[in-house]
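Listed below are the residues making up each chain.
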Amino acid sequence: MKKVNRETEPDFWIEYKRLHPNHCYMDLDKSIQGRQARQDLRNFLLQSQFGLCAYCCRRIGIEDSLNEHIKPQAKYPKQTMDYENIIVSCRSEGSTPTCGSNKANEYDEALFVSPLEECEGHFIFYPNGQIEGIGERGQYTCDLLNLNAYELQRARRAQYKICMSYQNEELVHTCFLIPDEEGKQEPFADMIQFFYERGDFGISDGE
């Protein structure tokens, strides 16, 4: 997880809420305008997230993502339309869901690490693809989002090996941490940033 630096609330979302002051998020599905506002919001948020899931940092798009409420709708019904309560998460299904799909309505406000805060210091990464939470908050969040699901570990491990093969930390920074022309980052930028700052991607001794 890495901090998401949000753009200011978009005008179209402010205007929708002004015109429908009594609507909750579930009401968006009742009209064409509501469904369009929901998709527009996802597009807008994906740009600020550089095309990555706000929780696990895998690459996502409109079709394989969902608008995720940090504070669950069921427990915080008055905050379902709050801009600062919505991020975009990957849509994972099957026997081992992750991120928003696994979190569902579980949430402890005192323990959960939000991607909208300075979150990086709550996690450490390992070359085998594992992520470990630091302290009670980090571990709670790792477990709640199932960030050590096998699929995620395998993908992180593969990305780490690719970065190591460059043997040049500045090239890794340019290719993997700077958004491309479409404003997208490479998957698992949180892990790459962790190892980049640690100096793992420097030129090997044999060079």
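This text follows the structure it describes.
The rules behind these values
- Residues numbered from 1 in each chain as written.
- Predicted model: local features only at pLDDT ≥ 70, side-chain atom pairs only at ≥ 80, totals over all residues.
- Heavy atoms only, no water.
- Helix = DSSP H or I, 4+ residues; strand = E, 2+ residues; numbered from the N terminus.
- Contact = heavy atoms within 4.5 Å.
- Salt bridge = Lys/Arg side-chain N within 4 Å of Asp/Glu carboxyl O.
- Buried < 20%, exposed > 50% of the residue type's maximum accessible area, 1.4 Å probe, protein only.
- Patch = residues over 30% accessible without salt bridge, like charges linked within 9 Å, V, L, I, M, F, W, Y side chains within 5 Å.
- Areas by Shrake-Rupley, 256 points an atom, 1.4 Å probe, with all protein chains shown as cover.
- Pairing = 2+ DSSP bridges.
- Axes fitted to C-alpha atoms, helices over the stretch in contact; angles between N-to-C directions.
- Parallel < 35°, antiparallel > 145°, perpendicular 65-115°, else oblique.
- Left-handed = near helix turned anticlockwise from the far one by under 90°.
- Nonpolar A, V, L, I, M, F, W, Y, C, P; charged D, E, K, R; others polar.
- Expected span 1.5 Å × (residues − 1).
- Core = buried A, V, L, I, M, F, W, Y, C linked by side-chain atoms within 4.5 Å.

## Some points on the overall build of the protein
Link 1 in the chain: For the protein, the count of helices and strands is seven helices and four strands.
Link 2 in the chain: Moving toward the C terminus, one meets the helices and strands of the protein in the order α-α-β-β-α-β-β-α-α-α-α.
Link 3 in the chain: Projected onto its principal axes, the C-alpha positions of the protein cover 65 × 35 × 30 Å.
Link 4 in the chain: By sequence separation, contacts in the protein at least 24 residues apart represent 67% of the contacts at least 6 residues apart.

## A few points about the pattern of salt bridges
Link 1 in the chain: A complete count under the given rule lists twelve salt bridges for this structure.
Link 2 in the chain: A salt bridge links K3 to E118; the shortest N-O distance between them is 3.1 Å. Note that K3 is positioned in the segment before α1 (11-19) and E118 in the loop between α3 (99-103) and β3 (123-125), a separation of 115 residues in sequence.
Link 3 in the chain: Look at K3 and you get partly exposed, because its relative accessible area is 24%.
Link 4 in the chain: Assessed through its relative accessible area of 55%, E118 is described here as exposed.
Link 5 in the chain: One salt bridge in this structure joins E186 and R59, with 3.8 Å as the shortest N-O distance. Pair noted here: E186 is in the loop between α6 (169-177) and α7 (189-198) and R59 is in the loop between α2 (32-48) and β1 (65-69), with a separation of 127 residues, a long-range link.

## So, a nonpolar patch on the surface
Link 1 in the chain: Residues I162, Y166 and L171 make up a contiguous nonpolar surface patch of about 240 Å² in total accessible area.
Link 2 in the chain: Residue classification places Y166 among the partly exposed residues on the basis of a relative accessible area of 33%.

## A short note on the pairing of β1
Link 1 in the chain: Most of β1 sits inside the fold, with five of its five residues counted as buried.
Link 2 in the chain: As defined by bridge partners, β1 adjoins strand β2 (residues 86-90) across five bridges and the pair is classed as antiparallel. Of the residues in β2, the one forming a bridge with E68 is I87.

## Things to note about the packing of α1 against α2
Think of two packed helices as two axes; the pair is described by the angle between the axes and how far apart they sit.
Link 1 in the chain: The interhelical angle for the contact between α1 and α2, taken along N-to-C directions, is 150°, at an axis separation of 10 Å. Judged by the angle between their axes, α1 and α2 are roughly antiparallel. In terms of crossing hand, the pair formed by α1 and α2 is left-handed. Contact residues: α1 offers F12, W13 and Y16, while α2 offers Q33, G34, A37, D40, L41 and F44.
Link 2 in the chain: Here the residues of the contact of α1 with α2 sort into six nonpolar, two polar and one charged.

## Some points on α2
Link 1 in the chain: The end-to-end C-alpha distance of α2 is 25 Å, a good match for the 24 Å that 17 residues give at a rise of 1.5 Å each.
Link 2 in the chain: Of the residues making up α2, those classed as buried are G34, A37, L41, R42, F44, L45, L46 and S48.
Link 3 in the chain: Looking at the buried positions of α2, the neighbouring elements they touch are α1, β1 and β2.
Link 4 in the chain: Positive backbone phi, approximately 55°, marks F50, located one or two places after α2.

## Side note on unusual backbone geometry
Link 1 in the chain: Phi angles above zero are rare outside glycine, and F50 is one such case at about 55°.
Link 2 in the chain: Structurally, F50 can be placed in the loop between α2 and β1.

## Let's talk about the packing of helix α5 (residues 150-166) against α6
Link 1 in the chain: Two elements in contact, α5 and α6, have axes whose closest approach is 8 Å; the angle formed by their N-to-C orientations is 140°. By the angle class used here, α5 and α6 are oblique. As α5 runs across α6, the sense of the crossing is right-handed. Along the contact surface, α5 presents Q159, I162, C163 and Y166, while α6 presents L171, V172, C175 and F176.
Link 2 in the chain: Its residues assigned to classes, the contact of α5 with α6 shows seven nonpolar, one polar and no charged.

## Observations concerning the nonpolar core
Link 1 in the chain: W13, Y55, L147, I192 and F201 are the most contacted members of the largest nonpolar core, which has 50 residues in total.
Link 2 in the chain: Breaking this core down by element, the ones donating at least two residues are α1, α2, β2, β3, α4 (135-145), α5, α6 and α7.
Link 3 in the chain: Apart from residues no more than four positions distant in its own chain, W13 is found in contact with Y25, L28, A37, L41, M81, Y83 and I86.

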